[in-house]
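Residue-level structure breakdown
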Amino acid sequence: MLQLVYISSARGTDPAAALRDILLASQRNNARDGITGLLYSDGLRFLQAIEGPADCVEAAFERIKADPRHWAIVVLSRREIEAREFGDWEMAHRSTGADANSFVRRVQLLTQHASPNVRATFESFVELRRVA
Ligand SMILES: Cc1cc2nc3c(=O)[nH]c(=O)nc-3n(C[C@H](O)[C@H](O)[C@H](O)COP(=O)(O)O)c2cc1C
């Protein structure tokens, strides 16, 4: 199985609506393709891990890269994995005003089975938003 982690910047005038649409398509397609992962968004940026059969992950990532709702896509990690590190598809999204500390704890829980590097990536990203 393949696991990909990337970061990108959101583009568009209504990030909340974009996120809802992205989630709907992702849940539908990922269930079909055996893909799981975690999508974190703070409205400005996306940090996503996708994992599953290599050809399906590559195909999903080709669609994702071509998506005009984000840009500046940078792959942070690409690795072969023996077993899934993220459970079912989850979407961690912190809306404005939501409690930062409980959000940090939630992301820690969601990434608890991820490899130390991937977990550290998510935690630093979320921590960055907490202090920013
Ligand atoms: C940040 C971001 C994450 C996305 N994640 C996924 C995903 O995990 N799976 C997926 O199928 N599409 C994802 N999409 C949407 C795809 O870019 C594309 O719109 C979608 O796969 C097209 O699906 P459809 O052909 O069923 O309409 C994502 C888009 C963005 C901007």
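Our subject is the structure listed above.
Bear in mind that the values here come from a model prediction, so they are computed numbers and not experimental data. (Residues numbered from 1 in each chain as written. Predicted model: local features only at pLDDT ≥ 70, side-chain atom pairs only at ≥ 80, totals over all residues. Heavy atoms only, no water.)

Side note on the overall build of the chain
For clarity, the threshold we go by: Runs of H or I in DSSP of at least four residues are treated as helices and runs of E of at least two as strands, each being numbered from the N terminus. The atom set for the radius of gyration is the C-alpha atoms, and the globule formula is 2.2 Å times the number of residues raised to the power 0.38. The accessible surface values rely on the Shrake-Rupley method and a 1.4 Å probe; as for residues, cover is taken only from the protein chains in view. Only four residue types enter the tally: Lys and Arg on the positive side, Asp and Glu on the negative side, with His and both chain ends excluded. Every charge is mapped to an atom, namely NZ of Lys, CZ of Arg, CG of Asp or CD of Glu.
A tally of regular secondary structure across the chain gives four helices and five strands. Going from N to C terminus, the chain has its helices and strands arranged as β-α-β-β-α-β-β-α-α. On C-alpha atoms alone, the chain measures out to a radius of gyration of 14 Å, which is about the 14 Å that the 2.2 N^0.38 rule sets for 132 residues. Principal axes of the C-alpha set define a box for the chain whose edges measure 40 × 30 × 25 Å. Of the roughly 7,200 Å² of accessible surface on the chain, a fraction of 53% belongs to carbon and sulfur atoms. Measuring between centres, the 17 positive side-chain charges of the chain sit 5 Å from its 17 negative side-chain charges.

Structural notes on the side chain of Gln 48
Worth spelling out the cut-off: By the criterion applied in these results, polar contacts are pairs of N or O atoms within 3.5 Å in which, for protein atoms, one can donate a hydrogen and the other can accept it, and in which residues neighboring in sequence qualify only through two side-chain atoms. The contact criterion used is simple: two residues touch if any of their non-hydrogen atoms lie within 4.5 Å.
Along the polypeptide, Gln 48 turns up in strand E3 (residues 45-52). At 2.5 Å, the side chain of Gln 48 forms a polar contact with the side chain of Tyr 6. Other than its neighbours up to four places away in sequence, Gln 48 contacts Leu 4, Val 5, Tyr 6, Leu 38, Leu 39, Ile 64, Trp 89 and Phe 122.

Looking at the site of the ligand
The line we're drawing: Throughout, the term near means that a residue has one or more heavy atoms lying within 4 Å of the molecule or strand in question. When residues are sorted by character, Ala, Val, Leu, Ile, Met, Phe, Trp, Tyr, Cys and Pro go into the nonpolar class, Asp, Glu, Lys and Arg into the charged class, and all the rest, Gly among them, into the polar class.
Residues in close proximity to the ligand total 15 residues, the closest being Arg 28, Asn 29, Asn 30, Arg 63 and Asp 67. The separation between an oxygen atom of the ligand and a polar side-chain atom of Asn 29 is 3.0 Å. With respect to the ligand, the side chain of Asn 30 contributes an N or O atom lying 2.9 Å from a nitrogen atom. Here the shell around the ligand gets five residues from one element, more than from any other, and that element is helix H1 (residues 15-33). Here the shell around the ligand is built from residues that sort into six nonpolar, five polar and four charged.

Description of the pairing of E3
Note the cut-off: Each residue's exposure class comes from its accessible area (1.4 Å probe, protein chains only) as a fraction of the maximum for that residue type: buried when under 20%, exposed when over 50%, partly exposed otherwise. Any two strands between which DSSP finds at least two bridges are classified as paired.
Counting buried positions along E3 yields seven of eight residues, so the element is predominantly enclosed. Bridge count between strand E2 (residues 36-41) and E3: six bridges; the pairing is antiparallel. Bridge assignment links Gly 37 to a residue of E3, and that residue is Ile 50. The antiparallel hairpin formed by E2 and E3 contains three residues in its connecting segment, where Gly 43 sits at a positive phi of about 95°.

Focus: the pairing of E2
With six of its six residues buried, E2 lies for the most part within the structure. Side chains of E2 alternate between two faces, with Thr 36, Leu 38 and Tyr 40 and Gly 37, Leu 39 and Ser 41 buried alike. Across four bridges, E2 lies against strand E5 (residues 90-93) in parallel orientation. Note that in E5 the partner of Ser 41 across the bridge is His 93.

A word on unusual backbone geometry
Positive phi outside glycine occurs at Ala 72, with the angle close to 55°. Inspection of the secondary structure assignment puts Ala 72 in strand E4 (residues 70-80).

Digging into the pattern of salt bridges
To be explicit about the condition: Salt bridges are defined by distance alone: a side-chain nitrogen of Lys or Arg within 4 Å of a carboxyl oxygen of Asp or Glu.
Per the stated rule, a full pass over the model turns up six salt bridges. Across the pair Glu 58 and Arg 78 runs a salt bridge whose closest N-O atoms are separated by 2.8 Å. Pair noted here: Glu 58 is in helix H2 (residues 54-65) and Arg 78 is in strand E4, with a separation of 20 residues, a long-range link. The exposure class of Glu 58 is partly exposed, given its relative accessible area of 31%.

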